[in-house]
Amino acid sequence: MAPSHALRCCKRALNWVPVLFINLVIGWSYYAYVIELCVYTIPNNTERISYLVIFHICLIMFIWSYWKTIWVTPAEPSKAFSLPRAEKDQFEKEERAEVQQEILNKVVRNLPVYTRTAVGVPYCNSCQVIKPDRCHHCSTCERCVLKMDHHCPWVNNCVGFSNYKFFILFLGYASLYCIVICATVIQYFIKFWKKLLPETHAKFHILFLFFVAALFFISIVSLLSYHLWLVGKNRTTIEAFRAPVFTSGPDKNGFSLGFRRNVAEVFGDQAKYWFFPVFSSLGDGHSFVTRLVHIDREHANSILQQNGKSCNLVDGATNLCHPANNVEHTLDKTGQADSVVIENES
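Here goes a summary of the coordinates provided. Quick caveat: nothing in here was measured; it's all calculated off a predicted structure.

A look at the nonpolar core
Right, so step 1: In this structure, Tyr33, Phe62, Tyr66, Tyr164, Phe170, Ile181 and Val185 are the most contacted members of the largest nonpolar core, which totals 50 residues.
Right, so step 2: Elements supplying a minimum of two residues to this core: helix 2 (17-39), helix 3 (45-71), helix 6 (164-193), helix 7 (202-233) and helix 9 (259-267).
Right, so step 3: No other element matches helix 6, which puts 17 residues into this core.
Right, so step 4: With residues up to four places along the chain from it excluded, the contact list for Ile181 reads Tyr33, Phe55, Leu209 and Ala213.
Right, so step 5: Judged by nonpolar contacts, the second largest core, of twelve residues, contains Phe81, Ile103, Leu104 and Val121.

See below:
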């Protein structure tokens, strides 16, 4: 028991090495830019002050979003997704997988869970909860994470519903931070390279600062572009590689509501909060609007009226239903996931 506990402690400590490395790079870049470039190299006070102001604004937003990504605890499924005591006891005693699925199907009727796994209702044996849509278990964090995107070693945290916006902003401001460094350092980089400036201890820092910032920018902007594409499609990294499976089958676009609504789901519906690392994502992470199943007119109207939605039904066509703000779907009493087709926006 003791060696196992010691190994887990060592593993947790080692998980912080990438975070420590990033912070050391940021600390060195601050010294190289502020001291070696602005204090010792730039002769003009106006240029020096303007560079320092822009640099510190970018640095503050970068650090703010980075540490929010690190320290915000990943959201977990609520107790509503735990099995009731009677069903839990029955589930644990039962050895037949098909009977266990019958128990889960009985419980899931009252939960907004539309996706399925290869065996049926998604259930986490480690956390002992029915997993909500887009929820996955992280073996590193040892917990189920709502709308899990991936576990990022550079922040030593799971990126999911509670901090995905912060992660996107972290990548955005990190890219901006690198751009500002490259754009303001390049003229002095060229002067040192051509030996137009005297040989000083600042030369090494400025040359190396430009190369490091350029390399980090290339890698970060590539990752940022990919995640912005995911936001526009309303997919997680996991869903991009493995399409979510609904009761009607797999659909990689099952959660897509159109570009504008997809962006609003992550960044919120108030643009004034988009560029600040404060939580503004829509919903609670437990249920998401889907666009999958054709349902009959009467059933559609009853479900939509119960959930505060309006629906325009067209004979012989797909149901185009428009969800109201902050509305969750429900399941019908047979345990089937009733979802509606959302009209795509251009």
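That was the structure; now back to the text.
Quick word on unusual backbone geometry
Right, so step 1: Even without a glycine there, the phi angle at Gln128 is positive, about 55°.
Right, so step 2: Within the secondary structure layout, Gln128 lies in the loop between strand 1 (123-124) and strand 2 (129-130).

A short note on the pattern of salt bridges
Right, so step 1: Under the counting rule described, the total for this entry stands at eight salt bridges.
Right, so step 2: Glu87 is the partner of Lys106 in a salt bridge, and the nearest nitrogen-oxygen pair spans 3.9 Å. On the criterion of sequence distance, the pair formed by Lys106 in helix 5 (residues 97-108) and Glu87 in helix 4 (residues 85-93) is long-range, its members being 19 residues apart.
Right, so step 3: Residues Glu199 and Lys203 are paired through a salt bridge, measuring 2.9 Å at the closest nitrogen-oxygen approach.
Right, so step 4: What you see here is one network of salt bridges that share partners, running through Arg134, Lys147, Glu239 and Glu265.

Quick word on the environment of Leu111
Right, so step 1: With respect to the helices, strands and loops of the structure, Leu111 is situated in the loop between helix 5 and strand 1.
Right, so step 2: Considering only alpha carbons, one finds Leu111 and Phe81, 30 residues apart in sequence, at a separation of 7.4 Å.

Re empty space enclosed by the protein
Right, so step 1: Within this structure, the stated rule accounts for two cavities of 30 Å³ or more.
Right, so step 2: The calculated volume of the largest cavity comes to roughly 50 Å³.
Right, so step 3: For the lining of the largest cavity, the class distribution of residues is five nonpolar, three polar and three charged.
Right, so step 4: Approximately 40 Å³ is the volume found for the second largest cavity.
Right, so step 5: Lining the second largest cavity are Lys147, Gly160, Phe161, Tyr164, Glu265, Val266 and Ser281.

Description of helix 6
Each α-helix turn comprises 3.6 residues. Residues three or four places apart therefore point the same way.
Right, so step 1: Relative to the 44 Å expected for 30 residues at 1.5 Å per residue, helix 6 spans 41 Å between its end C-alpha atoms, a close match to the ideal helical length.
Right, so step 2: A maximum bend of about 45° is found in helix 6 at Val185.
Right, so step 3: A large share of helix 6 lies buried, amounting to 21 of its 30 residues.
Right, so step 4: Two residues or fewer after helix 6 comes Lys195, characterised by a positive phi angle close to 60°.

Conventions used here
Residues numbered from 1 in each chain as written. Predicted model: local features only at pLDDT ≥ 70, side-chain atom pairs only at ≥ 80, totals over all residues. Heavy atoms only, no water. Core = buried A, V, L, I, M, F, W, Y, C linked by side-chain atoms within 4.5 Å. Buried < 20%, exposed > 50% of the residue type's maximum accessible area, 1.4 Å probe, protein only. Helix = DSSP H or I, 4+ residues; strand = E, 2+ residues; numbered from the N terminus. Contact = heavy atoms within 4.5 Å. Salt bridge = Lys/Arg side-chain N within 4 Å of Asp/Glu carboxyl O. 1 Å grid on protein atoms, 1.4 Å probe; cavity = no way out; pocket = protein on both sides within 12 Å on 5 of 7 lines; lining within 4 Å. Points joined across faces, edges and corners; volume = space filled by probe spheres on them. Nonpolar A, V, L, I, M, F, W, Y, C, P; charged D, E, K, R; others polar. Expected span 1.5 Å × (residues − 1). Bend = angle between axes of the 7 residues up to and from the residue.

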